[in-house]
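Chain by chain, the residues run as shown.
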Amino acid sequence: MDILIIALDILLGFYALKSIYRQSKIIVRGKYSLFSTVIMVGFAITILAIPNTSEAYIVLMSLITLVIIMNGVSGLATDGVIVAGLFGRHMVSYKNVTAITLMPFPMTTRRGKHRVVVLAATKNGQQLQLVIDCDSVDELKEQIDELLPHIPVSVRTSPFGN
């Protein structure tokens, strides 16, 4: 049993390193997905219910905790869009993104920043959604235009009356 847990430790260790590398490439950060935190709380309750004190098991649980917390991060990276999903995250290369639409949301955060929904359309008809807090929509558009000059970026008025 310990061999299986050690093998999982190694696999999750590599996945955690890959996640850290991808996070280091994020230029425009999206909002953190709180669903990852909810999953983490449920997972923590499960960890406490299983009395196992082997070192390999403790490392495995630590790596799973780290990966779950890191999976809530999303944003626009140098090489693709990183989207936080339901139980993980994935990256879509900019080669597959055809257009980006910015929709300002009619509210400001506690820090006075504007909330913007970013929709990235892909070649296969998929729409990726990010929520980004920024100083202004125009500043975010300029930042995305500078990062991705080959992808058209449009600003659409919000359906919420903005």
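Here, the structure is the one placed above.
Right, let's walk through the structure included here.

So, how was this worked out
Residues numbered from 1 in each chain as written. Predicted model: local features only at pLDDT ≥ 70, side-chain atom pairs only at ≥ 80, totals over all residues. Heavy atoms only, no water. Pairing = 2+ DSSP bridges. Helix = DSSP H or I, 4+ residues; strand = E, 2+ residues; numbered from the N terminus. Axes fitted to C-alpha atoms, helices over the stretch in contact; angles between N-to-C directions. Parallel < 35°, antiparallel > 145°, perpendicular 65-115°, else oblique. Left-handed = near helix turned anticlockwise from the far one by under 90°. Contact = heavy atoms within 4.5 Å. Nonpolar A, V, L, I, M, F, W, Y, C, P; charged D, E, K, R; others polar. Core = buried A, V, L, I, M, F, W, Y, C linked by side-chain atoms within 4.5 Å. Buried < 20%, exposed > 50% of the residue type's maximum accessible area, 1.4 Å probe, protein only.

So, about the sheet that holds strand β5 (residues 97-108). Across the sheet, which stays open at both edges, the four strands sit in the order β7-β6-β5-β8 with mixed pairing between neighbours. Unpaired on one side and paired on the other, β7 (127-134) and β8 (153-155) mark the two borders of the sheet. Within the sheet, the average angular offset between the axes of one strand and its neighbour, ignoring direction, is 25°. One ladder, built from three bridges, connects β5 with β8; its direction is parallel. Considered in β8, the bridge of L102 is made with V155.

Glancing now at the packing of helix α2 (residues 34-49) against helix α3 (residues 55-70). Taken N-terminus to C-terminus, the directions of α2 and α3 make an angle of 165°; their axes are 9 Å apart at the nearest point. Considering the angle they form, α2 stands roughly antiparallel to α3. Crossing handedness for the pair α2 and α3: left-handed. From α2, S36, I39, M40, F43 and I47 reach across to α3, where they touch Y57, M61, I64, T65, I68 and I69. Its residues assigned to classes, the contact of α2 with α3 comprises nine nonpolar, two polar and no charged.

As a further point, take the sheet that holds strand β3 (residues 80-84). Here we have four strands laid out as an open sheet, ordered β1-β2-β3-β4, and antiparallel in their pairing. The outermost strands of the open sheet, each flanked by one partner alone, are β1 (26-29) and β4 (89-93). Averaged over all pairs of adjacent strands, the angle between strand axes in this sheet comes to 25°, irrespective of strand direction.

Let us now look at the nonpolar core. Membership of the largest hydrophobic core comes to 22 residues, with the highest contact counts inside it found for V81, V97, I100, L102, V118, L140 and I144. Secondary-structure elements contributing two or more residues to this core are β3, β5, β6 (114-122), β7 and α4 (137-147). Ranked by residues supplied to this core, first place goes to β7 with four residues. If we ignore the near neighbours within four places in the chain, the residues touching I144 are L76, I100, L102 and V153. In this structure, I5, L60, V67 and I68 belong to the second largest nonpolar core, which totals 13 residues.

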